[in-house]
Amino acid sequence: MLTLARWTTWSFTFKKRASATASLDDLNGYKIWFTIKNQKDAVALDTGALYTADYTVASSMTSYTFTVPTTTTDDFSAGTYVYGFRYKNIATGVELPADGSFEVVNTVTNRNS
């Protein structure tokens, strides 16, 4: 499981490939949504989400990184959370999810000088 520390910037990178051995797909023309919640739920809306972001890819690229700033990660208590990407090829309308979980831990020290 991915472990992240509070009070730091977090990065989640979205990449897509047809198979484990295939080259990365070009994301041009995709819309990507990213959400963090306390737990997986059946609610279609993200009203209970702790963090949401989205990005429309308008040029050739094989990955996109969502950055969660420290001003947001400060609000997360130690514990386990779920994250999800939902992505859609705008031209074809094909939409798919990709989900995972991560653990937030307090850092050992909070000193900064």
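Residues numbered from 1 in each chain as written. Predicted model: local features only at pLDDT ≥ 70, side-chain atom pairs only at ≥ 80, totals over all residues. Heavy atoms only, no water.

Side note on the confidence of the model for the protein chain
Interpretation of this model should avoid reading the predicted coordinates in detail wherever pLDDT is low.
Phase 1 of the analysis: A residue-level look at the protein chain finds 92% of positions with pLDDT of 70 or above and a mean pLDDT of 88.
Phase 2 of the analysis: When mean pLDDT is compared element by element in the protein chain, strand E5 (residues 63-68) scores highest at 96, while strand E1 (residues 2-5) scores lowest at 86. (pLDDT = per-residue confidence, 0-100. Helix = DSSP H or I, 4+ residues; strand = E, 2+ residues; numbered from the N terminus.)

Focus on the sheet that holds strand E7 (residues 95-105)
Phase 1 of the analysis: Spatially, E1-E7-E6-E3-E4 is the arrangement adopted by the five strands of the open sheet, whose pairing is mixed. Edge positions in the open sheet fall to E1 and strand E4 (51-56), since each of these has one partner strand only. Taken over all neighbouring pairs, the strand axes of this sheet differ in orientation by 25 degrees on average, direction set aside.
Phase 2 of the analysis: As judged from the eight bridges shared by strand E3 (residues 30-37) and strand E6 (residues 79-89), these two strands associate in the antiparallel manner. Across the sheet, lysine 37 pairs through a bridge with valine 82, a residue of E6. (Pairing = 2+ DSSP bridges. Axes fitted to C-alpha atoms, helices over the stretch in contact; angles between N-to-C directions.)

Brief notes about the pattern of salt bridges
Phase 1 of the analysis: Overall, the coordinates contain four salt bridges when judged by the stated rule.
Phase 2 of the analysis: Notably, a salt bridge pairs aspartate 54 with lysine 31, separated by 3.5 Å at the nearest N-O pair. Of this pair, aspartate 54 sits in strand E4 while lysine 31 sits in strand E3, placing them 23 residues apart in sequence.
Phase 3 of the analysis: By relative accessible area, aspartate 54 is classed as partly exposed at 45%.
Phase 4 of the analysis: Residue lysine 31 is classed as partly exposed on the basis of its relative accessible area, which comes to 21%. (Salt bridge = Lys/Arg side-chain N within 4 Å of Asp/Glu carboxyl O. Buried < 20%, exposed > 50% of the residue type's maximum accessible area, 1.4 Å probe, protein only.)

Section: the packing of aromatic side chains
Phase 1 of the analysis: Applying the stated criterion to the full structure yields 19 aromatic pairs.
Phase 2 of the analysis: Their ring planes at 70 degrees and their centres at 5.5 Å tell us that tryptophan 10 and phenylalanine 102 sit as a pair that is edge-to-face. In this pair, tryptophan 10 is assigned in strand E2 (residues 10-15) and phenylalanine 102 in strand E7, connecting sequence segments 92 residues apart.
Phase 3 of the analysis: The class of phenylalanine 102 is buried, set by a relative accessible area of 0%.
Phase 4 of the analysis: Ring geometry for phenylalanine 76 and tyrosine 81: centres 4.9 Å apart, planes at 70 degrees, overall edge-to-face.
Phase 5 of the analysis: Using a relative accessible area of 4% as the deciding quantity, one classes phenylalanine 76 as buried. (Phe/Tyr/Trp six-rings, centres within 6.5 Å; stacked < 30°, edge-to-face > 60°.)

A word on the environment of threonine 56
Phase 1 of the analysis: By secondary structure assignment, the location of threonine 56 is in strand E4.
Phase 2 of the analysis: C-alpha of threonine 56 to C-alpha of isoleucine 32: the two residues are 24 residues apart in sequence and 6.3 Å apart in space.
Phase 3 of the analysis: If near-sequence neighbours (up to four positions away) are discounted, threonine 56 is found in contact with Tyr30, Lys31 and Ile90. (Contact = heavy atoms within 4.5 Å.)

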